[in-house]
Amino acid sequence: MNSIKDLSTELAPVNEAFPATTSLLQGALYLPVSSTTCERSFSRMNLIKTYCRNSTGDERLCDLTVLTVEQAFNIDLEEAVDIF
């Protein structure tokens, strides 16, 4: 066995005997995939907070983080000026 996936495949027949073990292995398989977006968001937020120092409020920090993480937004500048 070379990976967690191989171990999970080997333990599949004995799932009834070791349900907690197989559940733990499944969690280990999915954890890296599900936590990357969260980790990236916190990393960006820390960069913004360091750059702007501690004077940045929570609402502004949240807005700047969303703009930084989700760069694929198409922002209509005319609408933004009208709202501002």
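Residues numbered from 1 in each chain as written. Predicted model: local features only at pLDDT ≥ 70, side-chain atom pairs only at ≥ 80, totals over all residues. Heavy atoms only, no water.

- Looking at an unreviewed UniProt entry, one finds the chain named HAT C-terminal dimerisation domain-containing protein, with Rotaria magnacalcarata as its source organism.

## Let's talk about the overall build of the chain
- The helix and strand inventory of the chain stands at four helices and zero strands.
- Looking at the chain as a whole, 8% of its 84 residues qualify as buried. (Helix = DSSP H or I, 4+ residues; strand = E, 2+ residues; numbered from the N terminus. Buried < 20%, exposed > 50% of the residue type's maximum accessible area, 1.4 Å probe, protein only.)

## Concerning the confidence of the model for the chain
- On average, residues of the chain score 77 in pLDDT, and 88% of them are at 70 or above.
- When pLDDT is averaged over each helix and strand of the chain, the minimum, 76, is found for helix 1 (residues 4–11) and the maximum, 85, for helix 4 (residues 77–83). (pLDDT = per-residue confidence, 0-100.)

## Points about the side chain of Thr65
- Its place among the elements puts Thr65 in helix 3 (residues 58–69).
- Since its relative accessible area comes to 10%, Thr65 is described here as buried.
- Thr65 has contacts with Ser41, Met45 and Ile48, leaving out every residue within four places of it along the chain. (Contact = heavy atoms within 4.5 Å.)

## Describing a negative patch on the surface
- A cluster of like negative charges, contributed by Asp76, Glu78, Glu79 and Asp82, occupies part of the molecular surface.
- Its place among the elements puts Asp82 in helix 4.
- Residue classification places Asp82 among the exposed residues on the basis of a relative accessible area of 64%. (Patch = residues over 30% accessible without salt bridge, like charges linked within 9 Å, V, L, I, M, F, W, Y side chains within 5 Å. Areas by Shrake-Rupley, 256 points an atom, 1.4 Å probe, with all protein chains shown as cover. Salt bridge = Lys/Arg side-chain N within 4 Å of Asp/Glu carboxyl O. Lys, Arg positive; Asp, Glu negative; His and termini not counted. Charge placed at Lys NZ, Arg CZ, Asp CG, Glu CD.)

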